[in-house]
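What follows is the residue order along each chain.
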Amino acid sequence: MNQPAVSATPSKKTAPSILEFLYKHGTLLAILAVIAYFGITQDRFFTYENFSDILRSISIVTLVAIGITFSLIVDGFDLSVGSTVSLATIASAAALVLHRQEIFVTLLVPLLLGVAVGLLNSLLIVKFKLPDLLATLATMYAINGVQLTYTKGFSIYNDMPLPDGGTAPGKFIPSFLFIGQGELFGVPFSVLLMLFVVIAAHLFLTYTKPGRLFYLTGENREAARLSGIPVNRYRTYAYIISGFFAALGGIVLASRIGTGQVSAGASFLMDGVAAAYIGFSVFGAGKPNVIGTLFGSILIGVLLNGLTMANVPYYAQDIIKGAILVGALALSHWQKK
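Quantities reported herein were computed from a predicted structural model and do not represent experimental measurements. Per chain, residue numbering runs from 1 following the sequence as it is written. With pLDDT at 70 or above as the cut-off, local features in this predicted model cover only qualifying residues; side-chain atom pairs require 80 or more to be listed or tallied, and sums for whole chains, interfaces and linings still use all residues. Computation of side-chain values: all heavy atoms of the structure, hydrogens and water removed.

Colleague: Please give an account of the side chain of Ser-242 that cites residues and values.
Modeller: The topology assignment puts Ser-242 in helix 10 (residues 231-257). Burial classes: relative accessible area under 20% of the type maximum marks a residue as buried, over 50% as exposed, and values in between as partly exposed (1.4 Å probe, protein chains only). When its relative accessible area of 0% is taken as the criterion, Ser-242 is described as buried. Polar contacts here mean pairs of N or O atoms no more than 3.5 Å apart (in protein, one a potential hydrogen donor and the other a potential acceptor; neighbouring residues in sequence count only if both atoms are side-chain atoms). Within polar-contact distance, the side chain of Ser-242 engages the side chain of Asp-78 at 2.7 Å. We call two residues in contact whenever any of their non-hydrogen atoms come within 4.5 Å of each other. Setting aside chain neighbours within four positions, we find Ser-242 in contact with Gly-67, Ile-68, Asp-78 and Val-81. Here a strand is any run of E in DSSP of at least two residues, a helix any run of H or I of at least four, and the numbering for each starts at the N terminus.

See the structure below:
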């Protein structure tokens, strides 16, 4: 009597499966772990005021990081977002305080400047074929120089003294301050703005033809070009979008702090880049995506808030942010292999 064949298929629950699980869900686990740790060690962590501060901070980082995400989607990179944030804070503050403009002009000018920065970046990268890192690095320094030349290194604020001995004629108006400080139904307005942008960008990239063409441009530029996709046009769009969202983040920042500061946006470069790269791994996407970027911003925002409450010096926080970015880059590289 023949014996039935015994299946020899071994179990595949091995180390790579654990690594893949951590890759897909590590960011979410890290967010929960950070919240649990600071919730236990810091008495004021689980308060409405603290969570409101975290969400307001996350909203600015997310807006900047979404712009970076678009540049990453087309296989580019934008180092000028931090200086564009600062430029937008200076432009909006100058429009209000120095030139007594109303809300429409105060919002329009910095947004147009952000678009102009994106056009300059795309001109250098797409038209003149300069490496994206070097081109946007040069733009970053040029923007900083423009701001310092215009402000002579001083911040712009209410009742600031002028060189002629008088005081600035304008002030930060309530309708502008509402963007960064106001609430609707108990939720900070800047958070509602962030959620609207995240949902709109996610739907655009996921469910529209132009959104898919952004990804095809970044995945294989030559193949996309041969298939008839205007790759240079989509790369230009990506840098314009990056500049626009950096300027929008700058507007929210200026309305939150109520001043225009030359270096106010510098820290958002590192935070935005880290959030965008962390987003690669969220849910195993393996590519830049808006939802992942949002989770990356949440992780960074919660971590920095907890470290600040624990009285960790800001320079030590930069070390931790750098380590997070290295880890995100390593995960992204590992997934591609």
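Structure shown, so let's carry the discussion forward.
Colleague: Tell me what's going on with a nonpolar patch on the surface, and back it up with residues and numbers.
Modeller: Patches were defined on residues exceeding 30% relative accessible area and lacking a salt bridge, with like-charge contacts within 9 Å and nonpolar side-chain contacts (Val, Leu, Ile, Met, Phe, Trp, Tyr) within 5 Å. What sets the accessible areas is the Shrake-Rupley method with a 1.4 Å probe; for residues, cover comes only from the shown protein chains. Whenever Lys or Arg places a side-chain nitrogen within 4 Å of a carboxyl oxygen from Asp or Glu, that contact is recorded as a salt bridge. Taken together, the side chains of Phe-178, Leu-184, Phe-185, Leu-192, Leu-195, Ile-199, Leu-203 and Tyr-207 present a nonpolar region at the surface, about 820 Å² in accessible area. Ranked by residue count, the leading element in the nonpolar patch is helix 7 (residues 189-207), at 5 residues. Within the secondary structure, Phe-185 sits in the loop between strand 1 (183-184) and strand 2 (187-188).

Colleague: Go over the nonpolar core with me, naming the residues and quoting the values.
Modeller: What tends to happen in soluble globular proteins is that the nonpolar side chains get buried as a cluster. In terms of nonpolar packing, the biggest core is built from 81 residues, with Ile-66, Phe-176, Phe-214 and Tyr-277 touching the most fellow members. For this core, the element with the highest residue contribution is helix 2 (residues 48-73), accounting for 12 residues. Excluding its chain neighbours within four sequence positions, the residues that come into contact with Ile-66 are Val-197, Val-198, Ala-201, Phe-245, Val-290 and Thr-293. We call a set of buried Ala, Val, Leu, Ile, Met, Phe, Trp, Tyr and Cys residues a nonpolar core when their side-chain atoms join them within 4.5 Å.

Colleague: Account for the environment of Ile-240, naming residues and giving values.
Modeller: Inspection of the secondary structure puts Ile-240 in helix 10. Residues Ile-240 and Leu-63, spaced 177 residues apart in sequence, show a C-alpha to C-alpha distance of 14 Å. The contact partners of Ile-240, leaving out residues within four places of it in the chain, are Val-115, Gly-118 and Leu-119.

Colleague: Now, about the packing of helix 2 against helix 11 (residues 266-278): what can you tell me, with residues and values included?
Modeller: At a minimum axis distance of 8 Å, the contact between helix 2 and helix 11 shows a crossing angle of 60°. Considering their axes alone, helix 2 and helix 11 lie oblique with respect to each other. Crossing of helix 2 over helix 11 shows right-handed handedness. Seen from helix 2, the contacting residues are Ile-60, Val-61, Val-64, Ala-65, Ile-68, Thr-69 and Leu-72; seen from helix 11, they are Phe-268, Leu-269, Asp-271, Gly-272, Val-273, Ala-275, Ala-276 and Tyr-277. Residue polarity is assigned by list, with Asp, Glu, Lys and Arg as charged and Ala, Val, Leu, Ile, Met, Phe, Trp, Tyr, Cys and Pro as nonpolar; anything else, Gly included, falls into the polar class. Residue composition of the contact of helix 2 with helix 11, grouped by class: 12 nonpolar, 2 polar and 1 charged. Lines fitted to C-alpha atoms define the axes, with helix axes restricted to the stretch in contact, and inter-axis angles between N-to-C directions lie between 0 and 180 degrees. Oblique is the label for every angle not falling under 35 degrees (roughly parallel), over 145 degrees (roughly antiparallel), or within 65 to 115 degrees (roughly perpendicular). We call a crossing left-handed when the near helix sits turned anticlockwise from the far one by less than a right angle, and right-handed when that turn is clockwise.

Colleague: Outline the pattern of salt bridges, supporting the account with residue identities and numerical values.
Modeller: If you walk through the whole model with that rule in mind, you get 3 salt bridges. Residue Arg-56 pairs with Glu-183 through a salt bridge whose shortest N-O separation is 3.3 Å. Here the residue Arg-56 occupies a position in helix 2, and Glu-183 occupies one in strand 1, the gap between them amounting to 127 residues. The class of Glu-183 is partly exposed, set by a relative accessible area of 33%. Among the ionic pairs, Lys-171 bridges to Asp-159, the shortest N-O distance being 2.8 Å. Of this pair, Lys-171 sits in the loop between helix 5 (132-151) and helix 6 (174-181) while Asp-159 sits in the loop between helix 5 and helix 6, placing them 12 residues apart in sequence. Accessibility expressed as a relative area gives 44% for Lys-171, which makes it partly exposed. According to the relative accessible area criterion, Asp-159 is partly exposed, its value standing at 45%.

Colleague: Run through the environment of Thr-136, naming residues and quoting values.
Modeller: Its location among the elements puts Thr-136 in helix 5. Residue classification places Thr-136 among the buried positions, given a relative accessible area of 0%. Each C-alpha atom, one on Thr-136 and one on Val-81, is 8.7 Å from the other, the two residues being 55 residues apart in sequence. Residues within four places of Thr-136 in sequence aside, it is in contact with Phe-77, Asp-78, Leu-79, Ser-80, Asn-121, Ile-125 and Tyr-239. At a separation of 3.4 Å, a polar atom in the side chain of Thr-136 contacts the main-chain carbonyl oxygen of Leu-133.

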